Amino acid sequence: MFAVGHMSIAYLLGKVSSKALHTKINIPVLLVLSILPDIDILFDLVAGTSIHRGPTHSIIVAFLVFIPVFIYLGKRAIPYFLALISHSLLADFFIGGDLQLLWPLSGNVFGFHELGGYYVSILSSINMVTEMLLFVAAIMVLYKSGDWKVFFKADKTSLVLIIPIVTVLLPSTIGYPFSESLLLREPTLAIAHLVYLALFTVATLKTLYWIYTQRFSSAATQQRSVQRQNYK
Ligand SMILES: [Zn+2]
């Protein structure tokens, strides 16, 4: 699945689970966790390996990584854990499969197709329609709940959104990991990518500007107090 689908699933799951658990969620962190397993694409590109859909897509690895988070956050960790495992279990499982879900206990690959089901390619129309439906649902909930405001205010945790901007949204719109730009191949899905890209860019720039002005104003205050001391 593309980043748009992964993030939309994670957001919708996060909304449902946090409501059921009566906990709050940090939306930028939730969205980033949903695309984190695909960091192996970058690893393959840099190191020349072939580990995509391997260890980073394992639910055992996800659980082990999350043990300290569960200890620290308790039930508040559940929406984040769901965001991470939804990548493999809800999305990639049905789209493409070929996942080493139980690594390192087993090197076997799993997926809907491996279980005898229909093979759904990431570029198939079934996936395109699914991703667009998920995107529309996520945008509607974002709008109705007022969660969209998160992207228009400065918050240091929003800086995590730099990860999807650089690793998924921008490259997949331009073309990587496919041979052709998504804008040419699947313009509708590319527009969905651009919507997330715009929201994340606004959140990141607003936060960076806020950090800059904070530093600048505190430096100016310090300078003024030094000048005042010198006059005394
Ligand atoms: Zn993946």
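That block above? That's the structure.
Residues numbered from 1 in each chain as written. Predicted model: local features only at pLDDT ≥ 70, side-chain atom pairs only at ≥ 80, totals over all residues. Heavy atoms only, no water.

Trainee: I'm lost on the pattern of salt bridges in this one. Help?
Mentor: Note that side chains of opposite charge can pair when their charged atoms are close. In the structure shown here, the tally under the stated rule is two salt bridges. Among the salt bridges present, the one from Lys15 reaches Asp147, with a minimum N-O distance of 2.8 Å. On the criterion of sequence distance, the pair formed by Lys15 in helix 1 (residues 3-21) and Asp147 in the loop between helix 6 (125-145) and helix 7 (162-174) is long-range, its members being 132 residues apart. With relative accessibility at 25%, the residue Lys15 sits in the partly exposed group. Ionic pairing is found between Asp92 and Arg53, a salt bridge with its closest N-O pair at 3.3 Å. Note that Asp92 is positioned in helix 5 (residues 78-92) and Arg53 in the loop between helix 3 (39-47) and helix 4 (59-73), a separation of 39 residues in sequence. Just as Asp92 is buried, Arg53 falls in that class too. (Salt bridge = Lys/Arg side-chain N within 4 Å of Asp/Glu carboxyl O. Helix = DSSP H or I, 4+ residues; strand = E, 2+ residues; numbered from the N terminus. Buried < 20%, exposed > 50% of the residue type's maximum accessible area, 1.4 Å probe, protein only.)

Trainee: Please clarify how the side chain of Asp40 should be interpreted in this entry.
Mentor: Turning to its location among the elements, Asp40 is positioned in helix 3. In this structure Asp40 is buried but unpaired, with Arg53 as the nearest side chain of opposite charge at 7.3 Å. A distance of 2.8 Å separates the side chain of Asp40 from the backbone nitrogen of Arg53, its partner in a polar contact. Those residues in contact with Asp40, other than ones at most four positions away along the chain, are Ile51, His52, Arg53, Gly54, Thr56 and His57. (Lys, Arg positive; Asp, Glu negative; His and termini not counted. Polar contact = N/O pair within 3.5 Å; in protein donor to acceptor, adjacent residues only side chain to side chain. Contact = heavy atoms within 4.5 Å.)

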